Amino acid sequence: EAGVAQSPRYKIIEKRQSVAFWCNPISGHATLYWYQQILGQGPKLLIQFQNNGVVDDSQLPKDRFSAERLKGVDSTLKIQPAKLEDSAVYLCASSLEGGGNQPQHFGDGTRLSIL
Amino acid sequence: DQQVKQNSPSLSVQEGRISILNCDYTNSMFDYFLWYKKYPAEGPTFLISISSIKDKNEDGRFTVFLNKSAKHLSLHIVPSQPGDSAVYFCAASPNSWGKLQFGAGTQVVVTP
């Protein structure tokens, strides 16, 4: 089975610019997650979708971050405008259903550097 | 507020010996605990999990122990192999929509 696909793998932008990341989850997985992982820390959940509805976006900085999952499959995460502190790896994950007992399958992430 | 803590940032162990990774948590609502393994430039990979109704779960060389009263869990890898060199993340979730809280990770290096 194909894993979670993310693109691009790397992105370098200047502060105040905008950037978008794309994620294609494992086929049939209803739940999709976006995480931010800052160097030296564990992944932090930004937003969780169940099909195309938002389950949890409590830690998403909504003044600059947005995400959508149209048609309940692919998802995009956008940052506009970017700040220096947004430098991190952005990970997408998916699982069959939401729930703590459902292992999440991660993509390889997008490494974002803000100059 | 860091609800899941891995206090050892790194661990070095000889090949063939046991690796013991520790994790502490503060939220008594956590019901599921998972360990993920991460190689450089790759996403985390699920390794093993345990629910709060158990105190031990074993899968091949990997065993996770849960002590609910102490809010502590550990991952044992026996015997350790060079391919086990990676960062290991402990994660915890309540029995609801599965919002995972991750620890900061422990870098394991297995030496020949």
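A brief report on the enclosed structure follows. Please read all numbers here as calculations on a predicted model, not as lab measurements.

## So, the pairing of strand β3 (residues 19-24) of chain A
Residue and element names in this part refer to chain A.
Item 1. Alternating residues of β3 divide into Val19, Phe21 and Cys23, all buried, and Ala20, Trp22 and Asn24, none buried.
Item 2. The pairing of strand β1 (residues 5-7) with β3 spans three bridges and is classified as antiparallel. Across the sheet, Gln6 pairs through a bridge with Cys23, a residue of β3.
Item 3. Bridge count between β3 and strand β8 (residues 75-79): five bridges; the pairing is antiparallel. Residue pairing in the sheet places Cys23 in a bridge with Ser75 of β8.

## Quick look at the packing of aromatic side chains
Item 1. In the structure shown here, the tally under the stated rule is 13 aromatic pairs over all chains.
Item 2. Taking 6.2 Å as the distance between ring centres and 75 degrees as the angle between the ring planes, the aromatic pair formed by Phe106 of chain A and Phe102 of chain B counts as edge-to-face. With Phe106 of chain A in strand β10 (residues 105-106) and Phe102 of chain B in strand β10 (residues 101-102), the pair connects residues from two separate chains. The residues Phe106 of chain A and Phe102 of chain B share a single accessibility class, namely buried.
Item 3. With 6.5 Å between their ring centres and 80 degrees between their planes, Phe30 of chain B and Phe33 of chain B make a pair best called edge-to-face. When sorted by exposure, Phe30 of chain B lands in the same class as Phe33 of chain B, which is buried.
Item 4. Among the aromatic side chains, those forming a connected cluster through ring pairs are Tyr33, Tyr35 and Phe106 of chain A together with Tyr36, Phe46, Phe89 and Phe102 of chain B.

## Focus on the pattern of salt bridges
Item 1. Taken as a whole, this structure holds six salt bridges over all chains when the rule is applied.
Item 2. Between Asp86 of chain A and Arg64 of chain A there is a salt bridge, with the nearest N and O atoms lying 2.5 Å from each other. Placement of the pair is Asp86 of chain A in the loop between β8 and β9 (88-95) and Arg64 of chain A in the loop between β6 (53-56) and β7 (65-68), with a sequence separation of 22 residues.
Item 3. The exposure class of Arg64 of chain A is buried, given its relative accessible area of 10%.
Item 4. Here Arg61 of chain B ties to Asp84 of chain B by a salt bridge, and the two come within 2.8 Å at their closest N and O atoms. Taken together, the residues span a long stretch of sequence, with Arg61 of chain B in the loop between β6 (56-59) and β7 (62-67) and Asp84 of chain B in the loop between β8 (72-77) and β9 (86-94) at a distance of 23 residues.

## Remarks on the sheet that holds β7 of chain B
All names here are of chain B.
Item 1. Taken in spatial order, the five strands line up as β1-β3-β8-β7-β6 in an open sheet, and their pairing is antiparallel. Whereas interior strands pair on both sides, the edge strands pair on one side only; in this sheet they are β1 (4-5) and β6.
Item 2. Two elements, β7 and β8, share six bridges in a ladder whose sense is antiparallel. Residue Phe62 lies in a different strand from β8, and its bridge partner there is Ile77.

## Let's talk about the interface of chain A and chain B
Item 1. In this assembly, 24 residues from chain A lie in contact with 20 residues from chain B.
Item 2. Roughly 1,700 Å² is buried in total at the junction of chain A and chain B, and carbon and sulfur atoms are behind 59% of that figure.
Item 3. Our enumeration of links across chain A and chain B arrives at one salt bridge.
Item 4. Between Lys99 of chain B and Asp56 of chain A there is a salt bridge; the shortest N-O distance is 3.6 Å.

## Concerning the nonpolar core
Item 1. Core analysis: the biggest nonpolar cluster contains 23 residues, and Phe33, Trp35, Leu73, Leu75 and Tyr88 of chain B have the highest contact counts within it.
Item 2. The dominant element in this core, judged by the number of residues it contributes, is β9 of chain B, at four residues.
Item 3. Every residue in contact with Phe33 of chain B, bar those within four places of it in the chain, is listed here: Tyr25, Ile48, Ser49, Ile50, Ser52, Leu66, Leu73, Ala91 and Ala92 of chain B.
Item 4. By size, the runner-up hydrophobic cluster in this structure holds 21 residues, among which are Cys23, Leu32, Leu60 and Ala88 of chain A.

## Focus: a nonpolar patch on the surface
Item 1. A contiguous nonpolar patch, built from Ile18, Ile20 and Val78 of chain B and spanning about 230 Å² of accessible area, is present on the exposed surface.
Item 2. Within the secondary structure, Ile20 of chain B is located in strand β3 (residues 19-25).

## A few points about the side chain of Thr31 of chain A
Residue and element names in this part refer to chain A.
Item 1. Mapping Thr31 onto the fold places it in strand β4 (residues 31-37).
Item 2. A distance of 2.5 Å separates polar atoms of two side chains, one belonging to Thr31 and the other to Gln50.
Item 3. For Thr31, the residues in contact, after removing those within four places along its chain, are Gln48, Phe49, Gln50, Arg69, Ala93, Ser94, Ser95, Leu96, Glu97 and Gly98.

Definitions and limits used
Residues numbered from 1 in each chain as written. Chains lettered and ligands numbered in written order. Predicted model: local features only at pLDDT ≥ 70, side-chain atom pairs only at ≥ 80, totals over all residues. Heavy atoms only, no water. Buried < 20%, exposed > 50% of the residue type's maximum accessible area, 1.4 Å probe, protein only. Helix = DSSP H or I, 4+ residues; strand = E, 2+ residues; numbered from the N terminus. Pairing = 2+ DSSP bridges. Phe/Tyr/Trp six-rings, centres within 6.5 Å; stacked < 30°, edge-to-face > 60°. Salt bridge = Lys/Arg side-chain N within 4 Å of Asp/Glu carboxyl O. Contact = heavy atoms within 4.5 Å. Buried area = accessible area lost by both parts, 1.4 Å probe. Core = buried A, V, L, I, M, F, W, Y, C linked by side-chain atoms within 4.5 Å. Patch = residues over 30% accessible without salt bridge, like charges linked within 9 Å, V, L, I, M, F, W, Y side chains within 5 Å. Areas by Shrake-Rupley, 256 points an atom, 1.4 Å probe, with all protein chains shown as cover. Polar contact = N/O pair within 3.5 Å; in protein donor to acceptor, adjacent residues only side chain to side chain.

These values are about where atoms sit, not about what they do.
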